[in-house]
Amino acid sequence: MKKILFTLSVLSTFLYAANHIVDQKGKTFIPHTLKVKVGDTITFKNSDPFSHNAYTDDPANEFDIGIQAPGTDKTVKVKAPGNFDVECAIHPNMLLEVSASK
């Protein structure tokens, strides 16, 4: 029974997970705020003619996509509920506020 419930839980997360697009354009994250759920993904799209980066040092959702070339997309998965900021290591004024719920 526990195995069935675990499988259903994993399946429901997979079936209902959403992908959120965050554009990087004009040295800003668009949108500036984002509401997501655990299991959702965030795709960072670089629409600028120069490189960007997106990272968070939030312990529960830590990621760093590295140097992102113009015209490329990189995707991360939201692992835990909570609020966290995403920044660009190349352009320190870029800020995305993420609110993740269960």
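Above this text you will find the structure in question.
Residues numbered from 1 in each chain as written. Predicted model: local features only at pLDDT ≥ 70, side-chain atom pairs only at ≥ 80, totals over all residues. Heavy atoms only, no water.

Caption draft 1: Up close: the overall build of the protein chain. Helices and strands together make up the secondary structure of the protein chain, namely 1 helix and 9 strands. Sequence-ordered secondary structure for the protein chain, helices as α and strands as β, is α-β-β-β-β-β-β-β-β-β. Burial status across the protein chain gives 33% buried among its 102 residues. The contacts of the protein chain with a sequence gap of at least 6 include a subset with a gap of at least 24, amounting to 48%. (Helix = DSSP H or I, 4+ residues; strand = E, 2+ residues; numbered from the N terminus. Buried < 20%, exposed > 50% of the residue type's maximum accessible area, 1.4 Å probe, protein only. Contact = heavy atoms within 4.5 Å.)

Caption draft 2: Broad picture of the nonpolar core. With 18 residues, the main nonpolar core has Phe29, Ile42, Phe44, Phe63, Val86 and Leu96 as its most contacted residues. Elements with a contribution of two residues or more to this core: strand E3 (33-37), strand E4 (41-46), strand E8 (82-87) and strand E9 (95-101). If one sorts the elements of this core by residue count, E9 sits on top with 3 residues. Apart from residues lying up to four places away in sequence, valine 86 is in contact with Phe29, Phe44, Ala54, Tyr55, Thr56, Phe63, Met94, Leu95, Leu96 and Val98. (Core = buried A, V, L, I, M, F, W, Y, C linked by side-chain atoms within 4.5 Å.)

Caption draft 3: Focus on the sheet that holds strand E7 (residues 73-77). Pairing is mixed in the open sheet, where 4 strands are placed in the order E2-E1-E4-E7. With partners counted over all chains shown, the strands left at the sheet margins are strand E2 (28-30) and E7, one partner each. On average, adjacent strands in this sheet sit at an angle of 25° to one another, irrespective of strand direction. (Pairing = 2+ DSSP bridges. Axes fitted to C-alpha atoms, helices over the stretch in contact; angles between N-to-C directions.)

Caption draft 4: Seen up close, the side chain of aspartate 23. Along the chain, aspartate 23 turns up in strand E1 (residues 19-25). Lacking a salt bridge, the buried aspartate 23 has lysine 45 as its closest oppositely charged neighbour, with an N-O distance of 5.2 Å. A polar contact is formed between the side chain of aspartate 23 and the side chain of serine 47, at a distance of 2.6 Å. The contacts of aspartate 23, once residues within four sequence positions are left out, are Thr28, Phe29, Ile30, Lys45, Asn46 and Ser47. (Lys, Arg positive; Asp, Glu negative; His and termini not counted. Salt bridge = Lys/Arg side-chain N within 4 Å of Asp/Glu carboxyl O. Polar contact = N/O pair within 3.5 Å; in protein donor to acceptor, adjacent residues only side chain to side chain.)

Caption draft 5: Region of interest: the side chain of threonine 56. You can see threonine 56 is positioned in strand E5 (residues 55-56). Separated by 2.8 Å, the side chain of threonine 56 and the backbone oxygen of aspartate 85 make a polar contact. Setting aside residues no more than four positions away along its own chain, threonine 56 makes contact with Asn61, Glu62, Phe63, Phe84, Asp85 and Val86.

Caption draft 6: Spotlight on the pairing of E3. Side chains Leu34 and Val36 project from E3 onto a buried face, and the interleaved Thr33, Lys35 and Lys37 project onto a face without burial. Pairing of E3 with E9 involves 5 bridges; the strand directions are parallel. Residue threonine 33 lies in a different strand from E9, and its bridge partner there is glutamate 97.

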